[in-house]
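An overview of the molecular structure
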Amino acid sequence: MVLKIQEEKTFVKKIQTGAKPVTEVAGNIVYDTRNLNLWYGDHHGLKDVNLGIYENEVTAIIGPSGCGKSTYLKTLNRMVELVPIVRTSGEILYRERNILDKDYTVEELRTRVGMVFQKPNPFPKSIYDNIAYGPRIHGIKNKKILDEIVEKSLRGAAIWDEVKDRLNQNAYGLSGGQQQRICIARCLAVEPDVILMDEPTSALDPISTLKVEELVQELKKDYSIVIVTHNMQQAARISDRTAFFLSGEVIEYDKTDVIFQTPADQRTEDYISGRFG
Amino acid sequence: MVSQKENKSSSVQQLIANSRNHKTKKIVEKAMPALLFSAALISILTTFGIVFTLIFETFEFFKRVSITDFLFGTQWLPFSGKEPLFGILPLIAGTLKVTLIAVIVAVPFGIGSAIYLSEYASEKARRTIKPILEVLAGVPTIVYGFFALTFVTPILQELIPGLKIFNALSPGIVVGVMILPMITSLSEDAMSSVPNSMREGALAVGATKFEVAIKVVLPAALSGIIASVVLAISRAIGETMIVSLAGGSTPKFDLNVTDSIQTMTAYIVQVSTGDAGYGTTIYYSIYSVGFTLFIFTLVMNLLAHYISKRFREVY
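Just so we're clear, the structure is a prediction, and the values are computed from it rather than from any experiment.

**Some thoughts on the overall build of chain A**
Secondary structure assignment for chain A yields 12 helices and 10 strands. Here chain A holds 277 residues, and the buried ones make up 46% of them. Sequence-distant contacts, at least 24 apart, represent 68% of the contacts inside chain A between residues at least 6 apart.

So this is what it looks like as structure tokens:
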């Protein structure tokens, strides 16, 4: 297992140090996390995390409650900073720039890296205004362009047909599953590069869950997706790679079928076979 | 063993049953609703009593002065010997001048500080500032009145030449300061109760803190904010001591804020502390003015109620 991570690391390093021309591999890696450590006050939340997130793939992060999987996800768009006592060390290179640098504008990062939350959190506004919110704050005011963005985003989130006749109604009138797809559409409206999903189906019924999962498969053609899930079947169904976190450490990170069929670490096997967690 | 256990549990059940059948418990259960209802009834009856008195005495007043003269008369000269005039518009003008100035002072500062407290202030700053605001809200209005007369007015006189010692501006500003904590506190409550998930949703599409505050939190809390403003206006309309002390006692129907005025409340104070005899027109006039004041604040309170329902962004 150690070897696996080592391999991953050297692979990542090769890309990053860029001995080869960038064009050959630049499209490949989106996020490169190097020796990331994170503390909540005295609690060591993430320990020496090294991970590469690849373009147009779905990367699943699994692990028991409190293992740091959500914390890691929130570090990728620096939402973790909303907790005032957080400290970090190490590097997270997003498109080759370290986002943990103090001079990296966090708003710029979050415009490129969208996020979908555990509980649907639409704004108490009309469906239209929910989707147009992002483009509007970034200065797009032209009604025609906004109309196009709204339609495109809702289509992208596979909810256009359900809501096209009631765009002016409050988003809170929709079902939980629809609200979550509205939130996905809101995130698509600024045309991000990466979408982070923090247990996006944990508050949804099975049918809505299925719809969101199908949507994720569809979205990966255009976006790179990182999804935190407590549902291992979900990780197995929809992801290309899976990282297993335990107590703030990455225990194993590999192709999803490898993780689920021939895990290298005993702890991974114990977890995915349901012996703990 | 099993039967013993059963015995034990049945004995606890027995004890519970005994206590349930206890006499005092039964009486208390019966009597409490009636007692609580009468507590609620007292405040309702008091309200009706006040309204009834107001209406009754106002009716007496209108036996002596015509309603049209009262509502549309532009001169309020109740003490002018043979030909007293009871046109309420000058008193309403005085009240509205003070209220308007108070709102201009209190709304921007009140909502501004509410945004600061709810969205920017650290836990420590919030813990320091909120109690101070509450102290401000607890200052007796007579103190505010003296503050207006002896501190604010002299400063204003330096800045504005020609400002009279009694004027609308100074009490207006001070009434604004008085209602400020009310707007801040209620608006802050409304904004703090906007769920964090909504802020996160906005931050996640790249909004800045200010954009989150203005375009997400403020609209979501708007009904509470408007209700707080309307309630504060209602409080300003009914404010008495500040305007009595610093506003003067010269009712005038105009838009001048630098000259002496009289508000509805100040007139009531003036008559109540003077020696108007029972049964005189002047005596009844304070009820008619009081009734008008009551209508004003009632309308504002109903408006606050309506707005907080109508504009609620449901989440």
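**Here's the deal with the overall build of chain B**
For chain B, the helix and strand inventory stands at 13 helices and 2 strands. Its C-alpha atoms give chain B a radius of gyration of 27 Å, clearly above 20 Å, the size a compact globule of 315 residues would have. By its C-alpha atoms, chain B is 100 × 60 × 35 Å across when sized along the principal axes. Of all 315 residues assigned to chain B, the portion counted as buried reaches 35%. Counting contacts in chain B only where the partners sit at least 6 residues apart, residues at least 24 apart contribute 73% of the total.

**Section: the UniProt feature "transmembrane region" (unreviewed entry) in chain B**
Here the UniProt feature "transmembrane region" (unreviewed entry) sits at residues 34-56, 85-111, 132-153, 165-183, 216-237 and 282-303 of chain B. Summarising residues 216-237 of chain B: 95% helix, 0% strand, and an end-to-end C-alpha distance of 32 Å.

**Points about the UniProt feature "domain: ABC transmembrane type-1" (unreviewed entry) in chain B**
On the UniProt side, "domain: ABC transmembrane type-1" (unreviewed entry) is annotated at positions that read residues 92-304 of chain B here. Summarising residues 92-304 of chain B: 77% helix, 0% strand, and an end-to-end C-alpha distance of 21 Å.

**Re the UniProt feature "domain: ABC transporter" (unreviewed entry) in chain A**
Per the UniProt record, the feature "domain: ABC transporter" (unreviewed entry) sits at residues 31-272 of chain A. Split by type, residues 31-272 of chain A is 38% helix and 27% strand. Its first and last C-alpha atoms lie 25 Å apart.

**What to know about the environment of Leu215(A)**
Residues and elements named next belong to chain A. Residue placement: Leu215 occurs in helix H9 (residues 206-219). Accessibility expressed as a C-beta count within 10 Å gives 20 for Leu215, which makes it buried. As a C-alpha pair, Leu215 and Glu199 span 16 residues in sequence and 14 Å in three-dimensional space.

**Examining the nonpolar core**
Residue and element names in this part refer to chain B. Core analysis: the largest hydrophobic core is formed by 146 residues, its most contacted members being Val174, Ile179 and Ile242. The greatest single-element share of this core, amounting to 13 residues, is contributed by helix H4 (residues 89-120). In this structure, Ile242 is in contact with Thr141, Tyr144, Gly145, Ala148, Pro171, Val174, Val175 and Met178, ignoring residues within four places of it in sequence.

**Focus on the sheet that holds strand S3 (residues 58-62) of chain A**
All names here are of chain A. Strand order in the open sheet formed by 6 strands is S6-S7-S8-S3-S9-S10, with mixed pairing between adjacent strands. Either end of the sheet is taken by a strand with one partner, and the two such strands are strand S6 (113-116) and strand S10 (249-255). Along the sheet, successive strands turn relative to each other by an average axial angle of 15°, direction set aside. In the packing of helix H8 (residues 176-188) onto the sheet, contacts are made with S6 and strand S7 (194-198), and the angle to S6 comes to roughly 170°.

**Quick word on the domain arrangement of chain B**
All names here are of chain B. In terms of domains, chain B is made up of domain 1 (2-64) and domain 2 (85-310). Once you take the C-alpha centre of each, domain 1 and domain 2 turn out to be 38 Å apart. Classifying every residue of the side of domain 1 that touches domain 2 by side-chain character gives 3 nonpolar, 1 polar and 3 charged.

**Some details on the sheet that holds strand S2 (residues 43-54) of chain A**
Paired through backbone hydrogen bonds, the strands of a sheet run either parallel or antiparallel to each other. Residues and elements named next belong to chain A. The strand order across the open sheet built from 4 strands is S2-S1-S4-S5, with neighbouring strands paired in antiparallel fashion. For this open sheet the edge positions go to S2 and strand S5 (97-98), each flanked by a neighbour on one side alone. As judged from the 8 bridges shared by strand S1 (residues 29-40) and S2, these two strands associate in the antiparallel manner. Note that in S2 the partner of Trp39 across the bridge is His44.

**Here's the deal with unusual backbone geometry**
All names here are of chain A. Within the chain, Glu191 stands out as a residue other than glycine whose phi angle is a positive 45°. Of note, Glu191 is situated in the loop between H8 and S7. With phi around 50°, Ser247 is a residue other than glycine that occupies positive phi space. The residue Ser247 is located in the loop between strand S9 (241-246) and S10 in this model. Ser247 sits in the partly exposed class, given 15 other C-beta atoms within 10 Å.

**Focus: the pairing of S6(A)**
Residue and element names in this part refer to chain A. The two faces of S6 match: Val113 and Met115 on one face and Gly114 and Val116 on the other face are all buried. When S6 meets S7, the two strands line up parallel, connected through 4 bridges. Counterpart to Val116 in the pairing with S7 is Met197.

**Quick notes on the packing of H8(A) against H9(A)**
Residues and elements named next belong to chain A. Remark: H8 packs on H9, axes separated minimally by 9 Å, with the N-to-C direction vectors making an angle of 20°. For the element pair H8 / H9, the angle class is roughly parallel. Here H8 and H9 pass one another in a crossing that is right-handed. Counting all contacts with H8, which are made through Gly176, Gly177, Gln180, Arg181 and Ile184, the residues of H9 involved are Ser208, Lys211, Val212 and Leu215. Across the contact of H8 with H9, the residue classes break down as 3 nonpolar, 4 polar and 2 charged.

Rules and cut-offs
- Residues numbered from 1 in each chain as written.
- Chains lettered and ligands numbered in written order.
- Predicted model: local features only at pLDDT ≥ 70, side-chain atom pairs only at ≥ 80, totals over all residues.
- Helix = DSSP H or I, 4+ residues; strand = E, 2+ residues; numbered from the N terminus.
- Buried ≥ 20, exposed ≤ 12 C-beta atoms within 10 Å, placed from the backbone.
- Contact = placed C-beta atoms within 7 Å.
- Rg over C-alpha atoms; globule rule 2.2 N^0.38 Å.
- UniProt positions renumbered as here; feature names shortened; annotations may be inferred.
- Core = buried A, V, L, I, M, F, W, Y, C linked by C-beta atoms within 7 Å.
- Pairing = 2+ DSSP bridges.
- Axes fitted to C-alpha atoms, helices over the stretch in contact; angles between N-to-C directions.
- Domains from an automatic or database assignment.
- Nonpolar A, V, L, I, M, F, W, Y, C, P; charged D, E, K, R; others polar.
- Parallel < 35°, antiparallel > 145°, perpendicular 65-115°, else oblique.
- Left-handed = near helix turned anticlockwise from the far one by under 90°.

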